[in-house]
Amino acid sequence: MYRNPAAPPAIRQFLIFSLLVALLAGLPYLPGLPGEFVFDDMPNIVNNESIQLKELTAESLAKVVVTPQISGQMRSLPTLTFALDYWRGGGADPATFKTTNILIHMLTAFALAWLFRSLLLVTGTREKRAHWLATALALAWAVHPLMVSSVLYTVQRLQTMGTLFLVLALLAYLQARRAQIGGRSGRTCLLGAALLWVAAMGCKEDSSLLPAYTLALELTVLRFSAADQPLANHLRRGYMVASLIGAGLYLFVVIPHYWAWNAYDGRDFSTPERLLTQARVLCLYLWQILVPLPSHMPFYYDWLQPSRGLFQPWTTLPAILLLLALLGVAWRLRARQPLFTLGVLLFFSAHFITSNVVGLELAFEHRNHFAMIGAVLAIGSLLAHTSKRLHLHPKQQAGAYLVVLLTLSTATAFRAHSWSSNLIFSKASTAAAPHSARAWIELCSSEFEAGGGAIKGNSHIGEAILACGNGTRLAPYALNNAALLIVLKTLKGNVNRQDWELFQHQLETVSMSWDNQRAPTILTYHAHTGVMLNKQQLLKTLTIWARYAPLKPFQTAQIGYFVLNDLDEPDQAMPYFIKAINSTNPTDSFPQELSGELRNKGRTDLADEIIQLDFARKQAARATNF
């Protein structure tokens, strides 16, 4: 199984190949520049003050690393690079950030070529054939159009940097194990793999799956082999014990912690429904990988309905059976086609967290960034085996691979171009997913901003109204389009009672997802900035919002302040303030601050009412504690 290291000339030759891979990996993404920020880029980058690095000092960099981020606490390395890009670009310049993303992608493709080469050599592939196969596989991964939303979606640097360090960690682990098979210790490479894993964990939490990937390597291409038999025995026992511990933690810690028989907070599906849906989602990913047309990749997946049972929709059970069959076939072929089996195991392992019990959104393309490595490996292995069975001449094989790579690159460049501006991007998104509320609100907002924003005479107001109208009609499960439609029609002067009543009816009936919970803030924001929304209809909408949305105390208080200050209705603000006060800690200073503001507005009666309420609450709290 083990082959001697390649001679220096061969290494130098493959170094040239891998550098060429890196160069070609970046080219199809250039049409996406300069691009713009989109969706989760806004809170994580554009509005994130903690990454706004003004001077390059050790103290400033350390502050960025230790500042908590809304994206998670284990993502300090990508956050640091965001800060460096902010400093380098003199602000939140999209082209600067996206160029760094492309560079990271090129480095990953370079490292991946070496990982594929090592895998091919371990499985007995001739050195020359291993070189060009590794080059083709790495390029196929790098230029696949499904990668576009990982590379050009700026915030997904969290994912792409994690993949880079995982690939390097796997390469180091593989080198260590090849050394052990050859009778050497491999300790240096094992230490390097451990350090690279720590770096990957500093990018994104799903990097914790590295042991699952190394187990897949052992089960397929390495087979727990070592020149030292006691070491081989230790490897088997060690992985067995680690697997049992991992299974125990999953069954008795992870599942009980995340399981929800009712809908998750901010979601419209439960844990069983999520698990059923993921079979369909994984089949969707496989379809996008195998038939990589940009029209199959809409970016937004909020339109995807959960599976409510094995036959609702009917595709749920067939999807489950298809995935089980794929795993079964892969396992049976592990001896004859180890790279195919390894690829299948890597694909499924990479989705173990995102397709499990954690209440994440149902689908996102960037979850395939590492999983695509497994898919490319499995598909490439099957194609190589097929070409061998068909006795294709090497030139014919090379020609076929070249056609595939050119097709993938063209599709990627085409899709990357749609990321060059939010207007082009949103038009492509609505075409690919006409029932996506997020795609329509993106198009509506882009048209609105292209015409100058909230101004009279906005030249794109008609196009924006059309987009929001389509979103309201085609995605009735969501509220953002209906809310923005009211703002736009108010600016144009043709808003009517039916527009308000439709939004209010939806507010009473739709599932309160996180997007829907925030939708009325579109109205309050624009009213605050001067759009003359109908006050009575707005007050009625806020009443419905507070009744149906699971608002936190500070959110309820914000509604009160909006009614008090922006609508100048102190009496109607009081119910919100009272509700917020009753939900806060008795030691909170909010009632005293609010009382002072009401006195400044000349409403001493309301200020006294707040003080009396606060006093009664504190008295009740003391009695309870006593």
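Residues numbered from 1 in each chain as written. Predicted model: local features only at pLDDT ≥ 70, side-chain atom pairs only at ≥ 80, totals over all residues. Heavy atoms only, no water.

**A closer look at the overall build of the protein chain**
Here is step 1: Of regular secondary structure, the protein chain possesses 28 helices and zero strands.
Here is step 2: Over its C-alpha atoms the protein chain spans a radius of gyration of 28 Å, differing by no more than 12% from the 25 Å that the globule rule assigns to 626 residues.
Here is step 3: For the protein chain, the spread of C-alpha atoms along the principal axes amounts to about 90 × 65 × 60 Å.
Here is step 4: Relative to its full complement of 626 residues, the protein chain shows a buried share of 52%.
Here is step 5: Of the contacts made within the protein chain by residues no fewer than 6 positions apart, 73% connect residues no fewer than 24 positions apart.
Here is step 6: Charged side chains in the protein chain number 51 positive and 38 negative. The centres of these two groups are separated by 17 Å. (Helix = DSSP H or I, 4+ residues; strand = E, 2+ residues; numbered from the N terminus. Rg over C-alpha atoms; globule rule 2.2 N^0.38 Å. Buried < 20%, exposed > 50% of the residue type's maximum accessible area, 1.4 Å probe, protein only. Contact = heavy atoms within 4.5 Å. Lys, Arg positive; Asp, Glu negative; His and termini not counted. Charge placed at Lys NZ, Arg CZ, Asp CG, Glu CD.)

**Comments concerning the state of the cysteines**
Here is step 1: In total, this model carries one disulfide according to the counting rule given.
Here is step 2: Here Cys444 engages in a disulfide with Cys468; their sulfurs sit 2.2 Å apart. The S-S bond linking Cys444 to Cys468 shows a torsion near -100°; that makes this disulfide left-handed. Highlighted residues: Cys444 in helix H18 (residues 437-450) and Cys468 in helix H19 (residues 461-474), separated in sequence by 24 residues.
Here is step 3: On the accessibility criterion, Cys444 (0% relative accessible area) is buried.
Here is step 4: Taking relative accessible area as the criterion, Cys468 reaches 0% and is therefore assigned buried. (Disulfide = S-S within 2.5 Å.)

**Things to note about the pattern of salt bridges**
Here is step 1: Inspection of every chain in the model, using the stated rule, returns 17 salt bridges.
Here is step 2: The partner of Glu205 in a salt bridge is Arg75, with the nearest N and O atoms 2.9 Å apart. Of this pair, Glu205 sits in the loop between helix H9 (187-201) and helix H10 (210-222) while Arg75 sits in the loop between helix H3 (58-66) and helix H4 (76-89), and the two are 130 residues apart along the sequence.
Here is step 3: Assessed through its relative accessible area of 26%, Glu205 is described here as partly exposed.
Here is step 4: As a salt-bridge pair, Arg308 and Glu273 come within 2.9 Å of each other at their nearest N and O atoms. (Salt bridge = Lys/Arg side-chain N within 4 Å of Asp/Glu carboxyl O.)

**A closer look at H9**
Here is step 1: Look at H9: 21 Å from first C-alpha to last across 15 residues, which is about the 21 Å you get at 1.5 Å a residue.
Here is step 2: All of the buried residues in H9 are Ala193, Ala199 and Ala200. Projected down its long axis, H9 carries its buried residues within an arc of 120°, all on one side. Exposed and oriented more than 90 degrees from the buried face of H9 are Arg187, Thr188, Leu191, Leu195 and Val198.
Here is step 3: Its buried side turned inward, H9 meets H4 and helix H8 (157-181). (Expected span 1.5 Å × (residues − 1). Arc of directions from axis to C-beta.)

**With respect to the packing of helix H20 (residues 480-492) against helix H23 (residues 520-528)**
Here is step 1: At a closest axis distance of 8 Å, the pairing of H20 and H23 adopts a crossing angle of 25°. By the angle between their directions, the pair H20 and H23 is classed as roughly parallel. With respect to the hand of their crossing, H20 and H23 are arranged in right-handed fashion. Between H20 and H23, the contacting residues are Asn480, Ala483, Leu484, Ile486 and Val487 on the first element and Ile522, Leu523 and His526 on the second. (Axes fitted to C-alpha atoms, helices over the stretch in contact; angles between N-to-C directions. Parallel < 35°, antiparallel > 145°, perpendicular 65-115°, else oblique. Left-handed = near helix turned anticlockwise from the far one by under 90°.)

**Observations regarding a nonpolar patch on the surface**
Here is step 1: Together, Val241, Ile245, Leu249, Leu251, Phe252 and Val253 give the surface a local cluster of nonpolar side chains, amounting to about 610 Å² of exposed area.
Here is step 2: When you line up the elements, Phe252 lands in helix H11 (residues 229-258).
Here is step 3: By relative accessible area, which is 69% here, Phe252 ends up exposed. (Patch = residues over 30% accessible without salt bridge, like charges linked within 9 Å, V, L, I, M, F, W, Y side chains within 5 Å. Areas by Shrake-Rupley, 256 points an atom, 1.4 Å probe, with all protein chains shown as cover.)

**Observations regarding the environment of Gly182**
Here is step 1: By the secondary structure assignment, Gly182 is in the loop between H8 and H9.
Here is step 2: On a C-alpha basis, the gap between Gly182 and Arg473 in space is 65 Å, while along the polypeptide they are 291 residues apart.

**Section: the packing of H4 against helix H5 (residues 94-122)**
Here is step 1: The contact between H4 and H5 brings their axes to 9 Å, and the two run at 130°. One way to sum up the angle between H4 and H5 is to call them oblique. For H4 against H5, the interelement crossing comes out right-handed. Along its contact with H4, which presents Phe82, Asp85, Tyr86, Arg88 and Gly89, the element H5 presents Thr96, Phe97 and Thr100.

**Brief notes about helix H15 (residues 368-389)**
Here is step 1: A rise of 1.5 Å per residue sets the reference length of H15, with its 22 residues, at 32 Å; its end C-alpha atoms lie 30 Å apart and thus fit the reference within 8%.
Here is step 2: Phi for His391, located one or two positions after H15, is positive at around 55°.

**A few points about unusual backbone geometry**
With glycine set apart, most residues show a phi of negative sign, and most peptide bonds adopt trans.
Here is step 1: With an omega dihedral of 0°, the bond running from Leu33 to Pro34 counts as a cis peptide bond.
Here is step 2: Among the structural elements, Pro34 can be located in the loop between helix H1 (8-26) and helix H2 (41-46).
Here is step 3: Across the junction of Gln312 and Pro313, the peptide omega takes the value 0°, indicating a cis bond.
Here is step 4: Tracing the sequence through the fold places Pro313 in the loop between helix H12 (271-290) and helix H13 (316-332).

**Regarding the nonpolar core**
Here is step 1: Ranked by internal contacts, the top residues of the largest apolar core, which has 118 residues, are Phe116, Leu119, Trp141, Tyr213, Leu342 and Phe347.
Here is step 2: Looking at this core, the element that brings in the most residues is H5, giving 14 residues.
Here is step 3: When residues no more than four places from it in sequence are discounted, the contact partners of Trp141 are His105, Thr108, Ala109, Leu112, Met147, Thr163, His369, Met372, Ile373 and Val376.
Here is step 4: In this structure, Tyr561, Val563, Leu567 and Met574 belong to the second largest nonpolar core, which totals 57 residues. (Core = buried A, V, L, I, M, F, W, Y, C linked by side-chain atoms within 4.5 Å.)

**Some details on the side chain of Glu361**
Here is step 1: Here Glu361 lies in the loop between helix H14 (338-350) and H15.
Here is step 2: At a separation of 2.8 Å, a polar atom in the side chain of Glu361 contacts the side chain of Arg438.
Here is step 3: Residues in contact with Glu361, not counting those within four places in the same chain, are Arg267, Arg274, Arg367 and Arg438. (Polar contact = N/O pair within 3.5 Å; in protein donor to acceptor, adjacent residues only side chain to side chain.)

**Considerations on the side chain of Thr584**
Here is step 1: Along the chain, the position of Thr584 falls in the loop between helix H26 (570-583) and helix H27 (590-600).
Here is step 2: A polar atom in the side chain of Thr584 sits 2.9 Å from the backbone oxygen of Ile581.
Here is step 3: Setting aside residues up to four positions removed in sequence, Thr584 forms contacts with Pro553 and Arg617.

**Some words on the packing of aromatic side chains**
Here is step 1: Taken as a whole and assessed by the stated rule, the structure comprises 23 aromatic pairs.
Here is step 2: Between Tyr264 and Phe269 the ring centres are 5.9 Å apart and the planes differ by 70°, which places this aromatic pair in the edge-to-face class.
Here is step 3: Their ring planes at 75° and their centres at 4.8 Å tell us that Phe299 and Tyr300 sit as a pair that is edge-to-face. Exposure class is identical for Phe299 and Tyr300. Each is buried. (Phe/Tyr/Trp six-rings, centres within 6.5 Å; stacked < 30°, edge-to-face > 60°.)

**Observations regarding the environment of Asp85**
Here is step 1: By secondary structure assignment, the location of Asp85 is in helix H4.
Here is step 2: Look past the residues within four positions of Asp85 in its chain and what remains in contact with it is Gly91, Thr96, Phe97, Thr100 and Arg157.
Here is step 3: A polar contact of 3.1 Å, which involves the side chain of Asp85, links it to the side chain of Arg88.
Here is step 4: A distance of 2.9 Å separates polar atoms of two side chains, one belonging to Asp85 and the other to Thr100.

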